[in-house]
Amino acid sequence: MGIGSGRNARHMGGLVAAGALLAGVSVGLSAYAAHAVDGDARTALQTAAVFAFGHGIALVLLGRAVRGTIELASLVALLIGTLLFAGALVSRHLFGGPSFFAPWGGMLTMLGWLLQAVAALRR
C-alpha cells in the first residue's frame, strides 16, 4: 500500500486537519495577544500565533501531496515541533509554565523542513 491509500490516507487527513486547526486557533491567539495582553507576553503570543499559522498552512498544503515516507516524517516533525514551540510560548506567558520545550520544538521544526528538502532532491 502506498502513502495515499488506506490507513495511510487517514493519517494524511489527520495531518491536514491538524494543520487547519493550527491555522484557525492561531487567528484567535493573535487576536487575544493584540487585545488582552501587553509587553513581552504580547510579543511571545504573537510569535506563537505566526509560527502556528505558517506551519498550519504548510501542513495543509504539503499534506495533500505526500509521496513517500520522508515527506510523511517531515510533516509529523513539523506538527510536533510547532506544537512544542508555540505551546511552550503560550504555556509560559498565559499559565506561568516552563518554556523548556521551545528549543526542542524549534529543532524538530527545522528537521521537518530539512526532510522536506531531502524529499524534494530525491524526486
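For the chain, an unreviewed UniProt entry supplies the name DUF423 domain-containing protein and the organism Luteimonas fraxinea.

Peer 1: I would appreciate a short explanation of the UniProt feature "transmembrane region" (unreviewed entry) in the chain in the present structure.
Peer 2: According to UniProt, the feature "transmembrane region" (unreviewed entry) maps to residues 43–63, 75–95 and 101–121 in the numbering used here. Counted over residues 43–63, helix gives 100% and strand 0%. Its end C-alpha atoms are 30 Å apart. The annotated region residues 75–95 carries 100% helix and 0% strand content, and the separation between its end C-alpha atoms amounts to 28 Å.

Peer 1: Help me out: how do you make sense of the packing of helix α2 (residues 39–63) against helix α3 (residues 69–95) in this one?
Peer 2: Pairs of packed helices are described in terms of their axes, by the angle between the two and the distance that separates them. Two numbers describe how α2 lies on α3: the axes approach to 9 Å, and their chain directions differ by 165°. With respect to α3, the axis of α2 lies roughly antiparallel. Judged by the twist between their axes, the crossing of α2 over α3 is left-handed. On α3, the residues touching D40, A41, A44, L45, T47, A48, F51, A52, H55, L59, L62 and G63 of α2 are L75, L78, L79, G81, T82, F85, A86, L89, V90, H93 and L94.

Peer 1: Could you clarify how one ought to interpret the packing of aromatic side chains in this entry?
Peer 2: Two aromatic rings, taken as a pair, are described by how far apart their centres are and by the angle between their planes. Summed over the entire model, instances satisfying the criterion amount to two aromatic pairs. Ring centres 4.5 Å apart and planes at 45° place the aromatic pair F51 and F85 in the tilted group. Within this pair, whereas F51 is found in helix α2, its partner F85 is found in helix α3, the two being separated by 34 residues in sequence. Overall, F51 belongs to the buried group, its relative accessible area being 18%. Of the residues examined, F85 reaches a relative accessible area of 18% and is grouped as buried. Judged by centre distance (5.1 Å) and plane angle (80°), the ring pair of F100 and F101 falls under edge-to-face.

Peer 1: What's the story with the side chain of S74 in this structure? I'm lost.
Peer 2: Along the chain, S74 turns up in helix α3. Excluding anything up to four places from it in sequence, S74 contacts G112, L115 and Q116.

Parameters and conventions
Residues numbered from 1 in each chain as written. Predicted model: local features only at pLDDT ≥ 70, side-chain atom pairs only at ≥ 80, totals over all residues. Heavy atoms only, no water. UniProt positions renumbered as here; feature names shortened; annotations may be inferred. Helix = DSSP H or I, 4+ residues; strand = E, 2+ residues; numbered from the N terminus. Axes fitted to C-alpha atoms, helices over the stretch in contact; angles between N-to-C directions. Parallel < 35°, antiparallel > 145°, perpendicular 65-115°, else oblique. Left-handed = near helix turned anticlockwise from the far one by under 90°. Contact = heavy atoms within 4.5 Å. Phe/Tyr/Trp six-rings, centres within 6.5 Å; stacked < 30°, edge-to-face > 60°. Buried < 20%, exposed > 50% of the residue type's maximum accessible area, 1.4 Å probe, protein only.

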